[in-house]
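Overview (structure and organization)
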Amino acid sequence: VKTAYRGYEVFECPTNGQGIIVLMILNILSGFDLASLDPLGTERFHLQMEASRIAYRDRNDLVADQRKAKVRSSRCCPRPMPTTCAPISSATGR
């Protein structure tokens, strides 16, 4: 399983491991200009935490053993990702 992130191809093990979550987080963060934010600042930290929260939430809904459930990895790592975190979390009520 792979995704493109800022000019790099990032590969992870198939979706039954935790690697898919890294790809989901990177896809969310790719919509933000992280370089313009203070590396230790609260705004960047908040974006990274929200991206992680959303990815772990989606893992619970979308990632499964492919022998037991039909889940396409394209649903886990859609392109393009939204450019804000707030509408994602408020749209699902979580």
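Report follows, based on the coordinates. (Residues numbered from 1 in each chain as written. Predicted model: local features only at pLDDT ≥ 70, side-chain atom pairs only at ≥ 80, totals over all residues. Heavy atoms only, no water.)

**Here's the deal with the pattern of salt bridges**
Counted under the stated rule, the structure contains 3 salt bridges. Between Lys2 and Glu9 there is a salt bridge, with the nearest N and O atoms lying 2.8 Å from each other. Looking at Lys2, the relative accessible area reads 47%, which means it is partly exposed. Asp58 is paired through a salt bridge with Arg57; the nearest N and O atoms lie 2.8 Å apart. Since its relative accessible area comes to 10%, Arg57 is described here as buried. (Salt bridge = Lys/Arg side-chain N within 4 Å of Asp/Glu carboxyl O. Buried < 20%, exposed > 50% of the residue type's maximum accessible area, 1.4 Å probe, protein only.)

**Observations regarding the pairing of strand 2 (residues 8-11)**
As judged from the 4 bridges shared by strand 1 (residues 2-5) and strand 2, these two strands associate in the antiparallel manner. Its bridge partner being in strand 2, Ala4 is matched across the sheet by Glu9. Counted between consecutive antiparallel strands, the loop separating strand 1 from strand 2 contains 2 residues, among which Arg6 sits at a positive phi close to 50°. (Pairing = 2+ DSSP bridges. Helix = DSSP H or I, 4+ residues; strand = E, 2+ residues; numbered from the N terminus.)

**Some remarks on the environment of Met24**
Of note, Met24 is situated in helix 1 (residues 19-29). Distance from Met24 to Ser52, taken between C-alpha atoms, is 8.3 Å for residues 28 residues apart in sequence.

**Observations regarding the side chain of Arg44**
Relative to the elements of secondary structure, Arg44 occurs in helix 2 (residues 42-62). Of the side chains with opposite charge, Asp38 comes closest to the buried, unpaired Arg44, at an N-O distance of 7.3 Å. Every residue in contact with Arg44, bar those within four places of it in the chain, is listed here: Leu34, Leu37, Asp38 and Pro39. (Lys, Arg positive; Asp, Glu negative; His and termini not counted. Contact = heavy atoms within 4.5 Å.)

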